[in-house]
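Each chain, letter by letter, is given below.
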Amino acid sequence: MIANIVKPGHKTRGVLNYLYGPGRANEHTDPHLIASWDGFAPDPGRDSEATLAQLTTALDLRVKQARDKAPKEHVWHCSVRAAPEDRALSDEEWATVARRVLNATGIAPDGDPDACRWVAVRHAEDHIHIVATKVRGDLRPARNWNDFLRADKELVAVEKEYGLRQVPRGDRTAAKRPTRAEQEKSRRTGNARTSREHLRTIVRTAVSAATTAAELFQIIEGTGALVDVQYFPSGDVRGYKVALSDDTNAQGEPVWFSGSTLAPDLSYPKIAERLTATETKLTERTGTTV
């Protein structure tokens, strides 16, 4: 199973129009509600007296109540699709999948009376759409940080429990590829590598040589790169970003990259783990504190 969480929107009615409509090529068949936040949401698909306007109003209630405190892009939209070779799940099974995804992502945690309002709509055998409005019953914004990864992890469990195809997933430790704009800028400036790739090499080399955070940043600066270190109030390092001195934007400012945008293993928490392990090994070897 694959979850696709699209960029948040601000038109609840627009999403519902699409879900209950014929689709771009008349591919939507029998669109209907399979589950909702309270089990009583109007279903314009199978209830002749229910309307899309009624369903929109019900979903948007907390958004209206929150007024200017509601997020501008308040519509959360996630589709969940089964593999082509999977058996056809029943409406009840899809409803369970929807609730599990909503719980995992923080949109509607199990047992939370203030969870966001949501509906799950099915208009095809192999997938469903989940739509929620991101204002809770206590009128606070939804707590759905990192929702895609959380949904994906839950679907791994669903695949095993339902006997569905277990979709191969990457470990997400691969370094981020340079964007097209970065590649074009590199060609214009006559550089063989993009700034991101150059900085990744610099930082990775520094990590392999450093034994402390101070030494790490000193080595990076020694290459001519710029380093900006952020600290917690306690004085501990919170994070860092790096830039090449000759790579600037239209305003003449350095183009910064945080460690995590260079590669997941170059985020400061990951580097700190490695430095701690290095320090422990040195201490064990010499019997002294580094």
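Whatever comes next refers back to the structure up there.
Residues numbered from 1 in each chain as written. Predicted model: local features only at pLDDT ≥ 70, side-chain atom pairs only at ≥ 80, totals over all residues. Heavy atoms only, no water.

(A) Representation of the packing of aromatic side chains. Under the defined criterion, the tally for this structure stands at two aromatic pairs. Ring geometry for Phe217 and Tyr268: centres 6.4 Å apart, planes at 25°, overall stacked. Linking Phe217 in helix 8 (residues 213-222) with Tyr268 in helix 10 (residues 268-286), this pair joins segments that are 51 residues apart in sequence. Take Phe217: its relative accessible area is 8%, and that puts it in the buried class. Since its relative accessible area comes to 13%, Tyr268 is described here as buried. Pairwise contacts between aromatic rings join Phe217, Tyr240 and Tyr268 into one cluster. (Phe/Tyr/Trp six-rings, centres within 6.5 Å; stacked < 30°, edge-to-face > 60°. Helix = DSSP H or I, 4+ residues; strand = E, 2+ residues; numbered from the N terminus. Buried < 20%, exposed > 50% of the residue type's maximum accessible area, 1.4 Å probe, protein only.)

(B) Geometry of the sheet that holds strand 3 (residues 75-81). Taken together, the five strands give an open sheet; going across it, the order is 1-3-5-4-2, and neighbouring strands pair in antiparallel fashion. A single partner strand is all that each edge strand has here, and the edge strands are strand 1 (2-5) and strand 2 (32-36). This sheet shows a mean twist of 25° between the axes of neighbouring strands, independent of strand direction. Inspection of the sheet shows strand 1 paired to strand 3 by four bridges, in the antiparallel sense. Along strand 3, the bridge assignment pairs Ala3 with Val80. Against the sheet, helix 2 (residues 52-59) engages strand 4 (117-122) and strand 5 (127-133), with an angle of about 140° to strand 4. Across the sheet, helix 4 (residues 91-105) touches strand 2, strand 3, strand 4 and strand 5, and the angle it forms with strand 3 is around 130°. (Pairing = 2+ DSSP bridges. Axes fitted to C-alpha atoms, helices over the stretch in contact; angles between N-to-C directions. Contact = heavy atoms within 4.5 Å.)

(C) Broad picture of the nonpolar core. Core analysis: the biggest nonpolar cluster contains 31 residues, and Met1, Trp76, Val80, Trp94, Val97 and Val101 have the highest contact counts within it. When contributions to this core are tallied by element, the ones reaching two or more residues are strand 1, strand 2, strand 3, helix 4, strand 4, strand 5 and helix 5 (147-162). Ranked by residue count, the leading element in this core is helix 4, at six residues. Filtering out sequence-adjacent residues up to four positions away, Trp76 remains in contact with Ile5, Val101, Leu102, Thr105, Ile107, Ile130, Val131, Ala132, Lys134, Asn144 and Asp147. Val207, Leu216, Val229 and Leu266 belong to the second-largest nonpolar core, a separate cluster that totals 24 residues. (Core = buried A, V, L, I, M, F, W, Y, C linked by side-chain atoms within 4.5 Å.)

(D) Highlighting the pattern of salt bridges. Applying the stated criterion across every chain, the model contains 14 salt bridges. For Glu154, the salt bridge identified is with Arg100, shortest N-O distance 2.7 Å. Here Glu154, found in helix 5, pairs with Arg100, found in helix 4; they are 54 residues apart in sequence, far enough to count as distant. With relative accessibility at 18%, the residue Arg100 sits in the buried group. Among the ionic pairs, Arg136 bridges to Asp112, the shortest N-O distance being 2.6 Å. Of this pair, Arg136 sits in the loop between strand 5 and helix 5 while Asp112 is found in the loop between helix 4 and strand 4, placing the two residues 24 residues apart along the sequence. Asp112 sits in the partly exposed class, given a relative accessible area of 21%. One salt-bridge network, held together by shared partners, links Asp112, Arg136, Asp138 and Arg140. (Salt bridge = Lys/Arg side-chain N within 4 Å of Asp/Glu carboxyl O.)

Purely geometric numbers; function is a separate question.
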